[in-house]
Amino acid sequence: MFKPKYPTPDTYKPSLEASTPTAPLVQHTSPAPAPAPTAPGNGLAALVQRSPGTAVLVVAGGIGGTLALAAVAVSLLLAVAVTAIALATSGVVLLFLVRTVRDELHR
């Protein structure tokens, strides 16, 4: 009653024939080809030699990104400091008010 009834698959037809390997059991391998030599100048030095303006832009972008990240970090730290000062001040004021009310009630 609670067993699902799956529809019969209409796209997959299993093969009942046993597959036989077509490749020979012993394979002769040739030596691996030597790696292609890399072109010299794949780095920052080559970039500076080819186009100094692009290198300056890359360095300026890195410095700009670092400064932006630093500004966000400083802003977050400043927000935490302001919140801590506000909570400390409100705690002192609340303590003062509770002591005042307690003294007034005991008189």
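Definitions and limits used
Think of each chain on its own: its residues are numbered from 1, step by step along the sequence as written. In keeping with the predicted nature of the model, local features appear solely for residues at pLDDT of at least 70, side-chain atom pairs appear and are counted solely at 80 or more, and the whole-chain, interface and lining totals rest on all residues. Hydrogens and water molecules were not included; the side-chain quantities draw on all heavy atoms of the structure. Going along the chain from the N terminus, every DSSP run of H or I of four or more residues is numbered as a helix, and every run of E of two or more is numbered as a strand. Exposure categories follow from relative accessible area, calculated using a 1.4 Å probe and restricted to protein chains: below 20% of the type maximum is buried, above 50% is exposed, and the middle band is partly exposed. In this description, accessible areas are obtained by the Shrake-Rupley approach with a 1.4 Å probe, and a residue is regarded as covered only by the protein chains that are shown. Patches in this entry comprise residues that are over 30% relatively accessible and not in a salt bridge; like charges within 9 Å are linked, as are nonpolar side chains (Val, Leu, Ile, Met, Phe, Trp, Tyr) within 5 Å. For this document, the term salt bridge refers to a Lys or Arg side-chain nitrogen within 4 Å of an Asp or Glu carboxyl oxygen.

### Regarding the overall build of the protein chain
Then step 1. When helices and strands are tallied, the protein chain shows two helices and zero strands.
Then step 2. Taking all 107 residues of the protein chain together, the buried fraction comes to 2%.
Then step 3. Taken as a whole, the protein chain presents about 10,600 Å² of accessible surface, with 70% of it coming from carbon and sulfur.

### Quick word on a nonpolar patch on the surface
Then step 1. A contiguous nonpolar patch, built from Val-59, Ile-63 and Leu-67 and spanning about 290 Å² of accessible area, is present on the exposed surface.
Then step 2. Among the secondary structure elements, Leu-67 is positioned in helix H2 (residues 52-105).

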